[in-house]
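Here's the letter readout for the chains.
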Amino acid sequence: MSAGAAAFAMVASPPAHANWSGTIFDFVSGQESRRWKDDGYNRVTFTGCDPNGLKSVGVKMRRHKSMAPDPSYGEKTFKKCATARYPKNVSRGAWRGLPRGKYYFEIGKLRGANKVSVYEVHVWTRNSHG
């Protein structure tokens, strides 16, 4: 388990429509979320990124592969979560057409800061999205 995954805290009662919810604290580029199983569709939502100089956060969708490099399905740039307009500072990205597997997101390029904390992280999947 990576240090990033170890730093991920679960929220006691995630919304019923989200696969899982949580918070991240002081993630740096390259740190990873927890894993989940799904296929077809994943959506990640960040609400309340610490705005201390942060301009944007890259979020990469990756699929875990045993004994092989983990393929990436692209990086979305989250900008709105870094504004000081809580609770309207929400950024989201969706990835479609994904093969069955175990997924996670990885923090990509950080612009304006060396680390990111996010008050609310929600992950929706095909199974929870409908």
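The rules behind each value
Residues numbered from 1 in each chain as written. Predicted model: local features only at pLDDT ≥ 70, side-chain atom pairs only at ≥ 80, totals over all residues. Heavy atoms only, no water. Phe/Tyr/Trp six-rings, centres within 6.5 Å; stacked < 30°, edge-to-face > 60°. Lys NZ or Arg CZ within 6 Å of the ring centre and 35° of its normal. Helix = DSSP H or I, 4+ residues; strand = E, 2+ residues; numbered from the N terminus. Disulfide = S-S within 2.5 Å. Core = buried A, V, L, I, M, F, W, Y, C linked by side-chain atoms within 4.5 Å. Buried < 20%, exposed > 50% of the residue type's maximum accessible area, 1.4 Å probe, protein only. Contact = heavy atoms within 4.5 Å. Salt bridge = Lys/Arg side-chain N within 4 Å of Asp/Glu carboxyl O. Polar contact = N/O pair within 3.5 Å; in protein donor to acceptor, adjacent residues only side chain to side chain.

Asks: Before we move on, could you go through the packing of aromatic side chains and cite the residues and values that matter?
Replies: Think of a pair of aromatic rings as described by two things: how far the centres are apart, and how the planes are tilted against each other in angle. By the definition in use, this model includes 5 aromatic pairs. Of the aromatic side chains, those joined through ring pairs into one cluster are Trp-20, Trp-36, Phe-46, Phe-78 and Phe-105. Geometry around Trp-124 places Arg-43 over its ring, the cationic atom sitting 4.2 Å from the centre. The ring of Trp-95 carries Lys-76 above its face, with NZ or CZ at 5.4 Å from the centroid.

Asks: Which residues make up the environment of Gly-58, and what values go with them?
Replies: Relative to the helices and strands, Gly-58 is located in strand β4 (residues 56-64). Between the C-alpha atoms of Gly-58 and Phe-105, which are 47 residues apart in sequence, the distance is 9.9 Å.

Asks: Which residues make up the state of the cysteines, and what are the values?
Replies: Between two cysteines, a covalent bond joining their sulfur atoms is known as a disulfide. Scanning the model with the defined rule gives 1 disulfide in all. The disulfide bridge from Cys-49 ends at Cys-81, spanning 2.1 Å between sulfur atoms. Since a negative S-S torsion denotes a left-handed disulfide, the Cys-49-Cys-81 link at about -80 degrees is left-handed. In this pair, Cys-49 is assigned in strand β3 (residues 36-49) and Cys-81 in the loop between β5 (72-78) and β6 (90-111), connecting sequence segments 32 residues apart.

Asks: Let's hear about the nonpolar core: which residues, and what values?
Replies: Core analysis: the largest hydrophobic core is formed by 25 residues, its most contacted members being Phe-46, Val-57, Phe-105, Ile-107 and Val-116. For this core, the elements supplying multiple residues, two or more each, are β2 (20-27), β3, β4, β6 and β7 (116-125). Ranked by the residues each element gives to this core, the list is headed by β6, at 6 residues. Ignoring sequence-local partners within four residues, the contact set of Phe-105 consists of Trp-20, Gln-31, Glu-32, Ser-33, Trp-36, Val-44, Phe-46, Val-59, Lys-60, Val-121 and Val-123.

Asks: Got a sec to walk through the pattern of salt bridges? Specific residues and values, please.
Replies: Throughout the structure, instances matching the rule amount to 3 salt bridges. Of the charged contacts, one joins Lys-115 and Asp-26 as a salt bridge, the two residues approaching to 3.8 Å between their closest N and O atoms. In this pair, Lys-115 is assigned in the loop between β6 and β7 and Asp-26 in strand β2, connecting sequence segments 89 residues apart. Given the relative accessible area of 45%, Lys-115 is considered partly exposed. Look at Asp-26 and you get partly exposed, because its relative accessible area is 28%. The partner of Arg-62 in a salt bridge is Glu-106, and the shortest N-O contact between them spans 3.4 Å. Of this pair, Arg-62 sits in strand β4 while Glu-106 sits in strand β6, placing them 44 residues apart in sequence. Glu-106 carries the same exposure label as Arg-62, and that label is buried.

Asks: Which residues make up the environment of Tyr-104, and what values go with them?
Replies: As for its placement among the helices and strands, Tyr-104 is situated in strand β6. For the pair Tyr-104 and Val-123, spaced 19 residues apart in the sequence, the C-alpha separation amounts to 9.6 Å. Filtering out sequence-adjacent residues up to four positions away, Tyr-104 remains in contact with Glu-32, Ser-33, Arg-34, Arg-35, Trp-36, Lys-60, Met-61, Arg-62, Arg-63, His-64 and Asp-70. A polar contact is formed between the side chain of Tyr-104 and the side chain of Asp-70, at a distance of 2.7 Å.

So yeah, pure geometry; function would need other evidence.
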